[in-house]
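Letter by letter, the chains look like this.
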Amino acid sequence: MAQALRPNTAGSLFATDGKPHPLQDTLLAVTVVLGLISFITAMFHNLHLLSSWTGLVGIITGAYGQWVSETTRERFGLILGLGACAVGFFLGMAHGGLFGSLW
């Protein structure tokens, strides 16, 4: 019956230690959203500005999120977001880059 005395530590979806991590959760959400935008818009040749810039900003936020993350769940989500950002960034760079048609 020892398991009946353990506290419930599954309070947050991303915090496995039972403590709130608002900064890390925000960085995770921003990185995943930017990764989705970057990855989806990279499939369209004329949206290379959007995909390359969102990919670059997502890589920066994801890298900072990795640096300050505290749990494995946060790191796992950040790696998924970083991968999508990197693919979107590199495809956006291949289609015209950060300043492709502006110069």
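What counts, and at which threshold
Residues numbered from 1 in each chain as written. Predicted model: local features only at pLDDT ≥ 70, side-chain atom pairs only at ≥ 80, totals over all residues. Heavy atoms only, no water. Helix = DSSP H or I, 4+ residues; strand = E, 2+ residues; numbered from the N terminus. Polar contact = N/O pair within 3.5 Å; in protein donor to acceptor, adjacent residues only side chain to side chain. Axes fitted to C-alpha atoms, helices over the stretch in contact; angles between N-to-C directions. Parallel < 35°, antiparallel > 145°, perpendicular 65-115°, else oblique. Left-handed = near helix turned anticlockwise from the far one by under 90°. Contact = heavy atoms within 4.5 Å. Nonpolar A, V, L, I, M, F, W, Y, C, P; charged D, E, K, R; others polar. Phe/Tyr/Trp six-rings, centres within 6.5 Å; stacked < 30°, edge-to-face > 60°. Buried < 20%, exposed > 50% of the residue type's maximum accessible area, 1.4 Å probe, protein only. Patch = residues over 30% accessible without salt bridge, like charges linked within 9 Å, V, L, I, M, F, W, Y side chains within 5 Å. Areas by Shrake-Rupley, 256 points an atom, 1.4 Å probe, with all protein chains shown as cover. Salt bridge = Lys/Arg side-chain N within 4 Å of Asp/Glu carboxyl O.

### Observations regarding the side chain of His 48
Phase 1: Within the secondary structure layout, His 48 lies in helix H2 (residues 48–68).
Phase 2: Separated by 3.2 Å, the side chain of His 48 and the backbone oxygen of Gly 97 make a polar contact.

### Topic: the packing of helix H1 (residues 22–41) against H2
Phase 1: The N-to-C vectors of H1 and H2 enclose an angle of 155°; their axes lie 8 Å apart at closest approach. Comparing the axis directions of H1 and H2 gives the class roughly antiparallel. Handedness of the H1/H2 crossing: left-handed. Side by side, H1 and H2 meet where Leu 23, Gln 24, Leu 27, Val 30, Thr 31, Leu 34, Ile 37, Ser 38 and Thr 41 of the first sit next to Leu 50, Ser 51, Thr 54, Gly 55, Val 57, Gly 58, Thr 61, Gly 62, Tyr 64, Gly 65 and Val 68 of the second.
Phase 2: In terms of residue class, the contact of H1 with H2 is built from 9 nonpolar, 11 polar and no charged.

### Observations regarding the packing of aromatic side chains
The way to describe two aromatic rings as a pair is by their centre distance and the angle between their planes.
Phase 1: Per the counting criterion, the structure on display carries 3 aromatic pairs.
Phase 2: On the numbers, 5.6 Å between centres and 75° between planes, the contact of Trp 53 with Phe 99 is edge-to-face. Taken as a pair, Trp 53 in helix H2 and Phe 99 in the segment after helix H3 (72–95) lie far apart in primary sequence, 46 residues in all.
Phase 3: Judged by relative accessible area, Trp 53 falls into the partly exposed class, the value being 35%.
Phase 4: Classification of Phe 99 by relative accessible area gives partly exposed; the value is 41%.
Phase 5: Judged by centre distance (5.7 Å) and plane angle (55°), the rings of Tyr 64 and Trp 67 are tilted. Remark: Trp 67 and Tyr 64 occur in helix H2; sequence separation between them is 3 residues, near one turn of the helix.

### Details of a nonpolar patch on the surface
Phase 1: Together, Val 32, Val 33, Leu 36, Ile 37, Phe 39, Ile 40, Met 43, Phe 44, Leu 47, Leu 50 and Val 87 make up an exposed nonpolar region whose accessible area comes to about 910 Å².
Phase 2: When residues of the nonpolar patch are assigned to their parent elements, the largest contribution, 6 residues, is made by H1.
Phase 3: Structurally, Leu 50 is set in helix H2.
Phase 4: Residue class for Leu 50 comes out partly exposed when judged on its relative accessible area of 40%.

### Section: the environment of Glu 74
Phase 1: Position of Glu 74 relative to the elements: it lies in helix H3.
Phase 2: You can call Glu 74 buried: its relative accessible area is 0%.
Phase 3: It is 9.2 Å that separates the C-alpha atoms of Glu 74 and Thr 16, two residues lying 58 residues apart in sequence.
Phase 4: Polar contacts involving the side chain of Glu 74 include one to the main-chain amide nitrogen of Thr 71, which spans 3.3 Å.

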